Each structure stands twice: as C-alpha cells, then as structure tokens.
Amino acid sequence: MTEFKLDAAPKTVEPTIYELSSPGRIGVDFPAPDVPRTNLPDSLLRAELPLPELSEVDVIRHFVKLSTFNYSVDSGYYPLGSCTMKYNPKINEDTARLSGFANIHPMQPIETTQGALLLMYQLQEWLKEISGFDALTLQPAAGAHGEFVGVLMMRSYQEDRGETKRNKMLIPDSAHGTNPATSAMSGLKVVQIPSDERGNVDLDALRAEADDTLVGMMLTNPNTLGLFDENVEEICKIVHDAGGLMYGDGANMNAMLGITKMADLGFDVMHYNLHKTFSTPHGGGGPGSGPVGVTAELAPFLPAPIVDIVEEEADGIPPLYGFVDPSKTIGRVKAFHGHFGMFVRAFTYIAMHGPDGLRDISEHAVLNANYILARLRDTYHVPYDRICMHEFVAEGRWKDAPDVHALDIAKRLMDYGFHPPTNYFPLIVHEALMIEPTETENKDTLDSFIDAMISIAKEAHDEPDLLHDAPHPENTPFGRLDEVKAAKDLILCCWLPEDYENQ
Ligand SMILES: *Cc1c(COP(=O)(O)O)cnc(C)c1O
C-alpha cells in the first residue's frame, strides 16, 4: 500500500487542512443506519487512513479563507482583454436553478420538457436575429468548440458541391490561437495573412492567397487589436469571389450588439461565446457555451439535432417543440443538447435587456474602452491608435525604461488591487497589454484603474524594482511566483506519496 507523507507540499502562507488537524475533532455526525449493521471482511478495511480531524467550523473557516484568495468579477475590476469578463447578474443564477430547469433529464419525453425546448428555441431565434443568421446550433461547449464545428461545416459544404481540392484556410496574424488550431484539427492548411499599418487585414496579401484551393477565411471582427476592420465587406467579397466561405469569430460581439450584424457584413458562419457576450460565467466559474449561426446555404450541415417546432399551433393548442436532424448534418458534436444551464442564463440576460438594452451594453463597452484609451495614450504607446471597439492594445514597454516588461506592469497592478489585463497577446504587438473594461464599470472604477496605470508608468522609470518584485506579499496572498516552475511542477494535492521524489 502506498504510504502518504503528510504536509510534503511546499509551505505556503496558509496551513493545509492536514496541519490544522487535531486528534478527536469531529465535523460530521452520521445518522443511525436504517439497514442492519454488518461486519466487513478485514481485507476491505484499512488500519491506517490519514484523514484530517476537524470540526465543521474549522473546515468552513479554512475554505472560506482560501476562497478569498481568488480574484473574481464579483470582488474587483477585471479588464482581461479578449476574455470579456462580464459581471454575471445574479438573477441568471435564480432562473438557472428553477427546479423545472435544473431537475429535468434530456431523455425525458418531449411532451414533459416543452418549457426547456421553448427556451432553447427562443434563444436560437434571438441569437439568429442578433447576428442576422438563418439557422443555429446550441450544442458546442465553448468558443473553440464552436469554431471547430463551423470549420467542419465549411469543409463539408465545399466537399458537398464537389470542390474537393479546397484545403486552405486563411487566418490573419492578429487571430486568436484557437483559429489556426481548429483549422489544423479539421485537416486544413493554415495560411497566415498579415495586418496592415492600421491594423486591418492586408488586402493585397489576401488577394494573393484567394484562389481555388480556398475553403475560406476565419476573421475576428472587431479583431484582437480591438479594431473594427475598415474593409470587412471587401474582405468577404474577395473570399466569396474565390469560392470560399467567411467564418466570423464572434468572441468580440460585446462591441456589436444591436449595432451591426455579422451576416449583413458578409459572414457565412459565426460562433457566439455565451460566456463572454451574454454574461454566463466562465473560467473556473462554469462551463462555456459556443452556439454557431449559419446562413441558409450552410443550414443543412448543422450538427444534429436542432430544436424546432415539430407540430404547428392549431385550434388554440400551442405548438409542439421537438428535435429535427438537418439533412446533411455533420453529426452530433456534444452529449445531448449542450450546456443547458448556460442557455437559461443567456436567455435571462437577453430577455432582461431587450433590444435597446443590448445596444446599450455595446455602446457602454465601447465608450469605456475609448475613455481609458484616451486617458492612457500619452503615457503608454498604442501602436494601432484609432477609435477602438470594446478593448484596445497598448505596449507595456518604454525605450527609456528598458528593464521593465508588460509582465512587470501586470504584476504591479495586482499590488494596486486590480486584475491585470491580458498580456503578450495579440502577438503582433510587442509586450502587449490588452485592456477590456466591459460595460458595467462606472467612471470611478475606470479612473482608479487609469490612475494606477499612470503611477506604475512613473514607477517603471523611477523605481523599476518595485515592478520587478511585484506583487508584494503584503498586498496579495502570495508574492511573485516562479511561473515556469508553477507550470512545470504543478502540485495540486497537499499530500504526496512517500516516494514522490523518486518518481
Ligand atoms: C475567447 C476567444 C476564443 C475562444 O473561446 P473559448 O470559449 O475560450 O473557447 C476564440 N476567439 C477569440 C477572439 C476569443 O476571444
């Protein structure tokens, strides 16, 4: 039997639950058994079971304390660019927990799940309307999964019309890493297209690659520089003229709600990130959801099944909702019907805001980002400096402070109580700091963040070591960590097998 050595993990500022253990303390009281007692054979019993002994209050205090070490949207400002870390309204949680939604099973007969099916149908209709698409699947589990589904549909569409030599996907150099990854996973050749000096797709480079081997192009708009591509309609036309399809990465929809529709711009397929734009939790907070919308041409290829009306309303009897399989479906891409709890949250969010409210969201997100940009552009270099959408990218370096890097600025922001922005992405900006405020932050919060950024810029020149050592343990639960060691030598349990060192 493996011997466990307690407390072998590196010491942290907090004792582990094993160190808190005190012999004889009890936190549970088992009810009397309602079946006859029986004696288990010795072979099933362990003489030694090193479990910590603690009272209920010991356990609660330990874990509540640990939970306060986590930074979250509910505890502070979280300008993590590209991730759209939106506030998650608490009413979403109330509706997702309604027992009629939380306690149903996907194998139930459809006659008993009409409310859930109606909600999915209505959410499909709203998402289609928001971006102008004709059909939609709710199955994909996240944005990257939606991309994969979209690319598989593009490939199937090309094959279906006999265009079998098409194997190339064009992807701008400003793209999210998931775009080339999904194209490669779909068996396609990825060709990178450079950006021009205004941060748009370089049209000449695009024309040179737009040939009859094209499956299509994946474009994020607004792009990962936070810029609306000024030639987006021309880009779609070049790709379409070459027989390709346009994939829209819709992760940046937070800038566009109620303002413009991706299908109107010329996109054929797009994923939505419900966990970004429509306020469902993400990261450690919950599963994502990446619905994919398509034009009528691509609708037959959608994953099966799709929620639809299977019996029209008649004689005052409401319609019956059920499932249908598109005629040339690429198949199922997810167990059952996707992450239903996310659908309830996104539905609630859209229903609570209505069309005008959705537009307000995007207008405020764009206004907030431009406000920060306007106040920071004299202090930080912004390489593609024009009106931004819901986020922008600054450089985290100065020629006259050569030892300071974007990472140091990000770490120092933690001393000031802010979650750092995304850094080192997109790759086309040196030492990138990608700042996305979202719409719910008020001017006071934005101003304190901006003031912190300006102070840090001054410190970078006067006292750079303040940044190099940041964050400091008096401000955060831990000081500066060794990120390489943390990734390479990850220890997730607080006890280790005795012979760990030899493994
Ligand atoms: C977040 C993001 C993705 C991937 O979405 P996930 O839900 O994280 O898989 C793709 N593209 C862009 C531009 C993104 O910001």
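For the structure, check the block above.
What comes next concerns the included structure.

**Regarding the overall build of the protein**
Scanning the protein from terminus to terminus reveals 16 helices and 14 strands. Overall, the protein is about 75 × 70 × 45 Å in size when its C-alpha atoms are taken along their principal axes. The proportion of buried residues among the 503 residues of the protein is 48%. Carbon together with sulfur atoms contributes 55% to the accessible area of the protein, which is approximately 24700 Å² in total. Of the side chains in the protein, 39 bear a positive and 75 a negative charge, and the two mean positions are spaced by 2 Å.

**Describing the sheet that holds strand β11 (residues 392–395)**
Across the sheet, which stays open at both edges, the 3 strands sit in the order β11-β13-β12 with antiparallel pairing between neighbours. Pairing within the sheet leaves two strands with one partner each, and these edge strands are β11 and β12 (422–423). Both β11 and strand β13 (residues 432–435) contribute to a ladder of 4 bridges, which runs antiparallel. By the bridge assignment, Ala-394 is partnered in β13 with Leu-433.

**Brief notes about the pattern of salt bridges**
The full count for this structure, using the stated rule, is 29 salt bridges. Note that Asp-74 is salt-bridged to Lys-90, the shortest N-O span being 3.2 Å. Remark: Lys-90 occurs in helix α3 (residues 90–96) and Asp-74 occurs in the loop between α2 (56–67) and α3; sequence separation between them is 16 residues. Overall, Asp-74 belongs to the exposed group, its relative accessible area being 51%. In this structure Lys-90 comes out as partly exposed when scored by relative accessible area, which is 39%. Among the ionic contacts, a cluster of salt bridges with common partners joins Arg-375, Lys-443, Asp-447 and Asp-451.

**Quick notes on the packing of aromatic side chains**
Within a pair of aromatic rings, the relevant descriptors are the distance that separates the centres and the angle that separates the planes. If you walk through the whole model with that rule in mind, you get 11 aromatic pairs. With centroids separated by 5.1 Å and ring planes inclined at 50 degrees, the aromatic side chains of Tyr-121 and Tyr-321 adopt a geometry described as tilted. Of the two residues, Tyr-121 is situated in helix α5 (residues 114–131) and Tyr-321 in strand β10 (residues 320–324); the sequence distance between them amounts to 200 residues. Look at Tyr-121 and you get buried, because its relative accessible area is 17%. With relative accessibility at 10%, the residue Tyr-321 sits in the buried group.

**Things to note about a negative patch on the surface**
A grouping of Asp-403, Glu-463, Asp-465 and Asp-469 is seen on the molecular surface, where their side chains present a negatively charged patch. Relative to the helices and strands, Asp-465 is located in helix α15 (residues 464–468). Judged by relative accessible area, which is 52%, Asp-465 ranks as exposed.

About the cut-offs
Residues numbered from 1 in each chain as written. Predicted model: local features only at pLDDT ≥ 70, side-chain atom pairs only at ≥ 80, totals over all residues. Heavy atoms only, no water. Helix = DSSP H or I, 4+ residues; strand = E, 2+ residues; numbered from the N terminus. Buried < 20%, exposed > 50% of the residue type's maximum accessible area, 1.4 Å probe, protein only. Areas by Shrake-Rupley, 256 points an atom, 1.4 Å probe, with all protein chains shown as cover. Lys, Arg positive; Asp, Glu negative; His and termini not counted. Charge placed at Lys NZ, Arg CZ, Asp CG, Glu CD. Pairing = 2+ DSSP bridges. Salt bridge = Lys/Arg side-chain N within 4 Å of Asp/Glu carboxyl O. Phe/Tyr/Trp six-rings, centres within 6.5 Å; stacked < 30°, edge-to-face > 60°. Patch = residues over 30% accessible without salt bridge, like charges linked within 9 Å, V, L, I, M, F, W, Y side chains within 5 Å.

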